[in-house]
Amino acid sequence: MLNLLSLLTILPLAPYINRYLPTIQVRDWHIDLILSILIAFLFTRLLLWLFKPLIIPAFVLVAGIMIFNSWSGRYSFSNVLNDYKGMVQGNWGTRDKKQLDILSFYPRRVESYVDKTVRGIREKINFKDSTVRNFSVQHSLDYYDEYWPKYGKIVRYLSLYRYMRENFKYVNDSQRDEYFATPMETIRNGLGGDCDDHSLLVTSCLQSIGARTRIVLIRGHAYPELYCGNEQEFEMIKQAIVTLFNNPPVKELYYHEMKGEYWINLDYTARHPGGPYLNDKVYALIEL
């Protein structure tokens, strides 16, 4: 019975410890949760070695904390299950899919495009406006706060992305004119607009809380991308996405890479950050 209680203590304790460990990678393997399981195992074995009945109050304490967290909306049993699924999915289930397109050869300007369109979009990016900043701060706190010790500012970016992804509604421009709405307009009208309005909104909002973003113009579409950093930083963001966007599980994560810099897709057409690109006919990149 004591050994069973020891196992039942390890299962929720390990992910809880993992929240306070930095992301640990060995090549493509994410082993921080595995290390947390080892720490929890050694802790319970120490209790059994010192005085076996000590495992009983230890189990009661861990179970009590998890039950209280479930009631208060903090790190709970659902997070424990989610973290184990994230470890399995990140190490064995998700595969990187580097987008092989002409971005690799001409990262700034690939094909000729209507200068008016590029100029019009660039002029409407605004991350300094108070409406944009206040909106971004508010919704960067909506989700994943329990993972702040683990992933830091990444959870703010992903929380804000999730809110905009779930609440943005597509509305066509008029057939005669292409209208580029400022992010302030899109916020005030209830998050409605077309693909370029969405790109302007996401780009401006994420920049207002410290992210680096850009807009990619492709054939018939525009979408925003988030700068992930170098390969190691990309791996951390990848693990966060796999862990936090796991319903359904992330099977493939698409990205662009040029000279060691990684970018992932934040289009509303994808279910999660790093979803598939609509096409690879790239006309221009817009970044402030």
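Notes on the structure follow. (Residues numbered from 1 in each chain as written. Predicted model: local features only at pLDDT ≥ 70, side-chain atom pairs only at ≥ 80, totals over all residues. Heavy atoms only, no water.)

## What about the sheet that holds strand E6 (residues 213–218)?
Where we set the bar: Paired strands, as defined in this entry, are two strands with at least two bridges between them according to DSSP. Helical segments are the DSSP runs of H or I of at least four residues, strand segments are the runs of E of at least two, and each set is numbered from the N terminus. Only the contacting stretch of a helix is used when fitting its axis, a line to C-alpha atoms as for every element, and angles between N-to-C directions run 0 to 180 degrees. Should any heavy atoms of two residues lie within 4.5 Å, those residues are considered in contact.
The strand order E3-E8-E9-E7-E6-E10 describes an open sheet built from 6 strands, whose pairing is mixed. Single-partner strands in this sheet number two, and they are strand E3 (95–98) and strand E10 (282–286). Each adjacent strand pair in this sheet contributes to an overall mean axis angle of 35°, direction not counted. Pairing analysis gives 4 bridges linking E6 to E10, with the strands arranged antiparallel. Its bridge partner lying in E10, isoleucine 218 is registered against valine 282. Those strands touched by helix H10 (residues 195–208) are E6 and strand E7 (221–229), and its axis lies near 20° from that of E7.

## Re helix H11 (residues 231–244)
This is how it is decided: Residue count minus one, scaled by 1.5 Å, sets the expected span of a helix. Exposure categories follow from relative accessible area, calculated using a 1.4 Å probe and restricted to protein chains: below 20% of the type maximum is buried, above 50% is exposed, and the middle band is partly exposed. N or O atoms closer than or at 3.5 Å make up a polar contact, with two conditions inside protein: a donor-capable atom paired with an acceptor-capable one, and, for residues adjacent in sequence, both atoms drawn from side chains.
For H11, spanning 14 residues, the distance from its first C-alpha to its last is 20 Å, which sits close to the expected 20 Å at 1.5 Å a residue. Counting buried residues in H11 gives 10 out of 14 residues, a clear majority hidden from the surface. Here H11 has its buried residues at Phe234, Glu235, Ile237, Lys238, Gln239, Ala240, Ile241, Val242, Thr243 and Leu244. One side-chain oxygen of the residue at the start of H11 lies 3.2 Å from the amide nitrogen of glutamine 232, identifying that residue as asparagine 230.

## Brief notes about empty space enclosed by the protein
Rule in force here: The pocket and cavity definitions rest on a 1 Å grid over protein atoms only: a 1.4 Å probe that fits but cannot leave marks a cavity, an open set with protein on both sides within 12 Å along at least five of seven lines marks a pocket, and residues lining either have an atom within 4 Å of a point. Grid points are joined across faces, edges and corners, and a volume is the space filled by probe spheres set on the points. Amino acids outside the nonpolar list (Ala, Val, Leu, Ile, Met, Phe, Trp, Tyr, Cys, Pro) and the charged list (Asp, Glu, Lys, Arg) are all regarded as polar, and Gly is one of them.
Enumeration according to the criterion identifies 1 cavity of 30 Å³ or more in this entry. The volume enclosed by the largest cavity comes to roughly 120 Å³. Forming the boundary of the largest cavity are 13 residues, of which Asn18, Asp32, Tyr151, Gln239 and Thr243 lie nearest the centre. Elements that contribute at least two residues to the lining of the largest cavity include exactly helix H2 (32–50), helix H4 (77–93), helix H7 (148–151) and H11. In terms of residues, the lining of the largest cavity owes the most to one element, H4, which gives 3 residues. In terms of residue class, the lining of the largest cavity is built from 4 nonpolar, 5 polar and 4 charged.

## A closer look at the side chain of glutamine 239
Of note, glutamine 239 is situated in helix H11. Exposure remark for glutamine 239: the relative accessible area of 7% places this residue in the buried category.

## Things to note about unusual backbone geometry
A cis amide bond links asparagine 247 to the next residue, proline 248, at an omega of 5°. Summarising the element assignment, proline 248 is placed in the loop between H11 and strand E8 (252–258). Look at tyrosine 144: it is not a glycine, yet its phi comes out positive at around 70°. Tracing the chain through its elements places tyrosine 144 in the loop between helix H6 (130–139) and H7. Judged by relative accessible area, tyrosine 144 falls into the buried class, the value being 8%. Even without glycine at this site, lysine 259 takes up a positive phi of about 55°.

## Points about the nonpolar core
Put simply, the test is: Residues enter a nonpolar core if they are buried and are Ala, Val, Leu, Ile, Met, Phe, Trp, Tyr or Cys, with the set joined through side-chain atoms within 4.5 Å.
Core analysis: the largest hydrophobic core is formed by 60 residues, its most contacted members being Leu217 and Ile264. In terms of residues, this core owes the most to one element, helix H8 (residues 153–167), which gives 8 residues. Of all hydrophobic cores here, the second largest spans 7 residues; its members include Val216, Tyr223, Tyr254 and Tyr277.

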